[in-house]
Amino acid sequence: MSNIVIIGGTSGIGRELGEYYAGHGHSVVVTGRDAERAEKIAAEIGGTVRGIAVDLADPPGIAGALAEVGPVDRLALVGIQRDRNSVKDYDVGGAVDLVTMKLVGYTTVVHALLDRLTPESSVLLFGGMAKDRPYPGSTNISIVNAGVLGMVRTLAAEVAPVRINAIHPGVVGDSPYWVGAAGLLEGVRAQTPSGRLVTMGEVVEASVMLLENRGLNKVNLTVDGGFA
Ligand SMILES: NC(=O)c1ccc[n+]([C@@H]2O[C@H](COP(=O)([O-])OP(=O)(O)OC[C@H]3O[C@@H](n4cnc5c(N)ncnc54)[C@H](OP(=O)(O)O)[C@@H]3O)[C@@H](O)[C@H]2O)c1
């Protein structure tokens, strides 16, 4: 049984990754911003799953929030706080929150858990294809997802032999975030060579491969049906 920590595991892809590992008999910690919600989601997932509160937008509080977490075999950094922003109409507050939670927050989690990783551990960072294909309102999402490329390079060098990989999904058609966005989804699907949008299940399968396959290190994997 491995110990899995999923930062941002109360919704969407993170939750489905938690369900995968719990379903395979592993011990899982899922986090969100609110302890009560995280505990509720953990109970819904079932198995050996614990829910705790970790706010990625508050890096000084992260080490304390993770104090009770034991050894970590697999760490997935999935959390996202959406920020619709453009340089013409720039919301500085939203930008600071997103850059802080995704770049400083992810890095702070790795820092805080360093003493609980082993040479066999692996870390998976979530970026996204907005890094290569900006869309209206994606200014900061494009910036932070591109930042994940730099995180992979530097963390892989600094925490070796711990493996560090990143996954960059395109639009994930069945994720809760896109509920009510049928028009946008259809536009992306029409331009996707595979003729369909990727699913959370497919992103989870690819995530598990990156987390588990010991030959994979410093990989930035695109999962977008060929849209890029
Ligand atoms: N869905 C897509 O189409 C898509 C496309 C490309 C890339 N991605 C990437 O894939 C990852 C998962 O996306 P998703 O759509 O599955 O996400 P989601 O359903 O929106 O879930 C976001 C998660 O992040 C947590 N979270 C939000 N703010 C946080 C904060 N300040 N500190 C800690 N946790 C926080 C949420 O927990 P609480 O709400 O409980 O706090 C939740 O567990 C993200 O990194 C996203 O950038 C997704």
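Check the entry above for the structure.
Read on for an overview of the structure. (Residues numbered from 1 in each chain as written. Predicted model: local features only at pLDDT ≥ 70, side-chain atom pairs only at ≥ 80, totals over all residues. Heavy atoms only, no water.)

1. So, the overall build of the chain
In terms of regular secondary structure, the chain is built from seven helices and seven strands. If you list the helices and strands of the chain from N to C, you get β-α-β-α-β-α-β-α-β-α-β-α-α-β. Here the C-alpha atoms of the chain give a radius of gyration of 17 Å, agreeing with the 17 Å that 2.2 N^0.38 yields for 228 residues. Judged by the C-alpha coordinates and their principal axes, the chain covers about 45 × 35 × 35 Å. Every one of the 228 residues in the chain was classed for burial, and the buried ones make up 50%. Within the chain, contacts between residues at least 6 apart in sequence are counted, and of these 69% link residues at least 24 apart. Surface accessibility of the chain: about 10,400 Å² in total, with carbon and sulfur atoms responsible for 54%. The average position of the 19 basic charges and that of the 24 acidic charges among the side chains of the chain differ by 6 Å. (Helix = DSSP H or I, 4+ residues; strand = E, 2+ residues; numbered from the N terminus. Rg over C-alpha atoms; globule rule 2.2 N^0.38 Å. Buried < 20%, exposed > 50% of the residue type's maximum accessible area, 1.4 Å probe, protein only. Contact = heavy atoms within 4.5 Å. Areas by Shrake-Rupley, 256 points an atom, 1.4 Å probe, with all protein chains shown as cover. Lys, Arg positive; Asp, Glu negative; His and termini not counted. Charge placed at Lys NZ, Arg CZ, Asp CG, Glu CD.)

2. Focus on the site of the ligand
Taken together, 30 residues form the shell around the ligand, and within it Ser11, Gln81, Arg82, Lys102 and Trp178 come nearest. Within the backbone of Val78, an N or O atom sits 2.8 Å from an oxygen atom of the ligand. Mapped onto the shell around the ligand, the elements with two or more residues apiece are helix H1 (12-23) and helix H4 (92-113). Looking at the shell around the ligand, the element that brings in the most residues is H4, giving three residues. Classifying every residue of the shell around the ligand by side-chain character gives 13 nonpolar, 12 polar and five charged. (Near = heavy atom within 4 Å. Polar contact = N/O pair within 3.5 Å; in protein donor to acceptor, adjacent residues only side chain to side chain. Nonpolar A, V, L, I, M, F, W, Y, C, P; charged D, E, K, R; others polar.)

3. Quick look at helix H7 (residues 200-212)
For H7, spanning 13 residues, the distance from its first C-alpha to its last is 18 Å, which sits close to the expected 18 Å at 1.5 Å a residue. Along H7, the residues classified as buried are Met200, Val203, Val204, Ala206, Ser207, Val208, Leu210 and Leu211. Packed against the buried residues of H7 are H1, strand E4 (72-77), strand E5 (117-126), strand E6 (163-169) and strand E7 (220-223). (Expected span 1.5 Å × (residues − 1).)

4. Notes on the pattern of salt bridges
Enumeration according to the criterion identifies nine salt bridges in this entry. For the salt bridge of Glu186 with Arg189, the shortest nitrogen-to-oxygen distance reads 2.8 Å. Of this pair, Glu186 and Arg189 both sit in helix H6 (residues 182-190), separated by three residues, roughly a single helical turn. By relative accessible area, which is 40% here, Glu186 ends up partly exposed. In this structure, a network of salt bridges that share partners links the residues Arg15, Glu19, Lys40 and Glu44. (Salt bridge = Lys/Arg side-chain N within 4 Å of Asp/Glu carboxyl O.)

5. What about the pairing of E4?
The buried fraction of E4 amounts to six of the six residues, a majority that puts the element mostly inside the structure. Where strand E1 (residues 3-7) and E4 come together, four bridges link them in parallel fashion. Bridge assignment links Ile6 to a residue of E4, and that residue is Ala76. Pairing of E4 with E5, which is carried by five bridges, proceeds in the parallel orientation. Across the sheet, residue Arg74 finds its bridge partner in E5, namely Ser122. Tracing the backbone out of E4, into H4 and back to the parallel element E5 gives a crossover that is right-handed. (Pairing = 2+ DSSP bridges. Right-handed = clockwise from strand over helix to strand, strands pointing away.)

6. A few points about the sheet that holds E1
Reading across from one edge, E3-E2-E1-E4-E5-E6-E7 is the order of the seven strands in this open sheet, with parallel pairing throughout. Single-partner strands in this sheet number two, and they are strand E3 (49-53) and E7. Across the sheet, the axes of successive neighbouring strands diverge by a mean angle of 20°, strand direction being ignored. Alignment of E1 against strand E2 (residues 27-32), held across five bridges, turns out to be parallel. The residue of E2 that forms the bridge with Ile7 is Thr31. (Axes fitted to C-alpha atoms, helices over the stretch in contact; angles between N-to-C directions.)

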